[in-house]
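Spelled out, the chains give:
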Amino acid sequence: MTLPTPTQTTTCHSQHPMTPLWAELVDVQAEAPGVSTYWLKFKDAGIRESYSFEPGQFNILSVPGYGEAAISISSDMTSPERIGHTIRLAGNVTNAIARLNPNDTLGVRGPFGSSWPIKACKGKDIYMAAGGIGLPPLRPVIYHIMQNRSDFGEVVVLYGARTPADLQFTAEYDSWRAAGIKVLVTVDRADESWDGTVGVVPLLFYHLRMNPLNSVAFTCGPEIMMRFVVYEALARRLPEENIFVSFERNMKCGFGSCGHCQLGPYFVCKDGPVFTYQQLQPYFNVENF
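Because the structure is a prediction, the values reported are computed rather than measured. (Residues numbered from 1 in each chain as written. Predicted model: local features only at pLDDT ≥ 70, side-chain atom pairs only at ≥ 80, totals over all residues. Heavy atoms only, no water.)

Caption draft 1: Spatial organisation of the nonpolar core. If you look at the biggest cluster of nonpolar residues, it comprises 34 residues, and the most contacted ones within it are Leu158, Phe205, Leu208, Val245, Phe247, Phe275 and Leu280. Counting residues per element, the ones that place at least two in this core are strand E3 (58-63), strand E7 (125-131), strand E8 (155-161), helix H5 (223-235), strand E12 (243-246), strand E14 (266-267), helix H6 (268-271) and helix H7 (277-280). Here this core gathers at least three residues from each of two domains, domain 1 (21-112) and domain 2 (118-283). Other than its neighbours up to four places away in sequence, Val245 contacts Trp116, Thr219, Met226, Val230, Pro273, Val274, Phe275 and Leu280. By size, the runner-up hydrophobic cluster in this structure holds 30 residues, among which are Ile118, Val157, Cys220 and Phe244. (Core = buried A, V, L, I, M, F, W, Y, C linked by side-chain atoms within 4.5 Å. Buried < 20%, exposed > 50% of the residue type's maximum accessible area, 1.4 Å probe, protein only. Helix = DSSP H or I, 4+ residues; strand = E, 2+ residues; numbered from the N terminus. Domains from an automatic or database assignment. Contact = heavy atoms within 4.5 Å.)

Written out as structure tokens, the structure is:
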């Protein structure tokens, strides 16, 4: 299996990709300390009807006077009329978004980037490994699998956070399991309330038995975590082209024009954020690539 051709500038307003469209903040849901999901609805009814995205793509959100930030879409792609972005407070723009109230307005450009090739994975076993804020970009994949469960073999979510309080979407784990998805969760540091696994995400692979010729791995999270997830997948003989990683970079324009997000010969906003390990292998062990 090879990565489908990355989607380039497939915005809902592709003729003017640098012009934000205005959306209303309709709800805010706290997920973890410093992390919330912001639910947006386009003000223009025509845009609401025409907007679509694929799992793994992102929008660029803007607050006038503060700037823009690229944020992955974390909601169900079958309900694009209400779009969720799970955001960790990390800078001026994200803190400005956190100060907004329902009915306030912000700008949206997108969607941009390549996507998880979930529609090309029918019949495969799917293993998703996420750390911290890396789970939101994989959440649309989980929703797609839940709605099309018979299309896939074994499906496993491996997820970790620093502490139990930092785990995201905890209210959904039971529904994921009820849909036939195995969910393995770990934390770096336990507290008195935690009776689960303690350790890093790659160690969860030791709880699995995989068929490498029929398996696909998706991973998103801190780069050091993704490196070791890739090594665990390779150790289990998954082909390089069946391992997919999603990278974060300083994305500004969304279509490879400004060069801020260059990664080797690639631009993360245009050629990514989802890549095969085969594409990135020459740069994977290079410091500060």
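Caption draft 2: View of empty space enclosed by the protein. Within this structure, the stated rule accounts for 1 cavity of 30 Å³ or more. By volume, the largest cavity is sized at about 40 Å³. The wall of the largest cavity is formed by Leu25, Tyr38, Leu40, Leu61, His85, Ile87, Ile97, Leu100 and Leu106. Elements supplying a minimum of two residues to the lining of the largest cavity: strand E2 (35-42) and strand E5 (83-88). When its residues are assigned to classes, the lining of the largest cavity shows 8 nonpolar, 1 polar and no charged. (1 Å grid on protein atoms, 1.4 Å probe; cavity = no way out; pocket = protein on both sides within 12 Å on 5 of 7 lines; lining within 4 Å. Points joined across faces, edges and corners; volume = space filled by probe spheres on them. Nonpolar A, V, L, I, M, F, W, Y, C, P; charged D, E, K, R; others polar.)

Caption draft 3: Region of the structure containing the environment of Ser72. Secondary-structure assignment places Ser72 in strand E4 (residues 67-72). Residue classification places Ser72 among the partly exposed residues on the basis of a relative accessible area of 23%. Separated by 67 residues in the primary sequence, Ser72 and Arg139 place their C-alpha atoms 10 Å from one another. Setting aside anything within four residues of it in sequence, one finds Ser72 in contact with Gln57, Phe58, Gly84, His85, Thr86 and Pro137.

Caption draft 4: Spatial organisation of the pairing of E8. With 7 of its 7 residues buried, E8 lies for the most part within the structure. Where burial is concerned, the two faces of E8 agree: the one with Val155, Val157, Tyr159 and Ala161 and the one with Val156, Leu158 and Gly160 are both buried. Relative to E8, E7 runs parallel, the two sharing 6 bridges. If you follow Ile126 over to E8, its bridge partner there is Val155. For the crossover from E7 across helix H3 (residues 139-147) to E8, the handedness is right-handed. Where E8 meets strand E9 (residues 182-187), 6 bridges bridge the pair, whose relative direction is parallel. From the neighbouring strand, Ala161 faces E9, where its bridge partner is Val187. Note that the unit made of E8, helix H4 (residues 173-178) and E9 has a crossover that is right-handed. (Pairing = 2+ DSSP bridges. Right-handed = clockwise from strand over helix to strand, strands pointing away.)

Caption draft 5: Expanded view of the sheet that holds strand E1 (residues 21-32). Across the sheet, which stays open at both edges, the 6 strands sit in the order E4-E3-E6-E1-E2-E5 with antiparallel pairing between neighbours. Among the strands making up the open sheet, the edge pair consists of E4 and E5. Going from strand to strand, the sheet's axes swing by 40° on average, the running direction of each strand aside. Inspection of the sheet shows E1 paired to E2 by 8 bridges, in the antiparallel sense. Of the residues in E2, the one forming a bridge with Gln29 is Thr37. (Axes fitted to C-alpha atoms, helices over the stretch in contact; angles between N-to-C directions.)

Caption draft 6: The side chain of Thr94, seen in detail. Following the sequence through the fold, Thr94 ends up in helix H2 (residues 92-98). What makes Thr94 buried here is its relative accessible area of 8%. Reaching out from Thr94, the side chain makes a polar contact with the backbone nitrogen of Ala90 at a distance of 2.8 Å. Here Thr94 is in contact with Ile87, Arg88 and Leu89, once residues within four sequence places are set aside. (Polar contact = N/O pair within 3.5 Å; in protein donor to acceptor, adjacent residues only side chain to side chain.)

Caption draft 7: Representation of the sheet that holds strand E11 (residues 215-220). Spatially, the 7 strands line up as an open sheet ordered E10-E9-E8-E7-E11-E12-E15, and their pairing is mixed. Looking at which strands have only one partner, the edges of the open sheet turn out to be strand E10 (197-198) and strand E15 (274-276). Its contacts with the sheet place H3 against E7, E8 and E11, and it is angled at close to 150° to E7. The sheet contacts of H5 involve E7, E11 and E12, and relative to E12 the element is tilted by about 175°.

Caption draft 8: Representation of the state of the cysteines in the model. In total, this model carries 0 disulfides according to the counting rule given. Cysteine Cys269 shares no disulfide, and the gap to the nearest cysteine sulfur, in Cys261, comes to 3.7 Å. (Disulfide = S-S within 2.5 Å.)

Caption draft 9: Spatial organisation of the domain arrangement of the protein chain. As far as domains go, the protein chain holds domain 1 (21-112) and domain 2 (118-283). On a C-alpha basis, the centres of domain 1 and domain 2 stand 22 Å from each other. Contact with domain 1, which involves 23 residues of that partner, is made by 23 residues of domain 2. Taken together, the two surfaces of domain 1 and domain 2 that pack against each other cover about 1,900 Å², and 60% of this comes from carbon and sulfur. In this assembly, domain 1 and domain 2 are joined by 1 salt bridge. In this structure, the salt-bridge partner of Lys119 is Glu54, at a minimum N-O distance of 3.4 Å. Run the count over domain 1 and domain 2 and you get 5 residue pairs in polar contact (both at pLDDT 80 or more). (Buried area = accessible area lost by both parts, 1.4 Å probe. Salt bridge = Lys/Arg side-chain N within 4 Å of Asp/Glu carboxyl O.)

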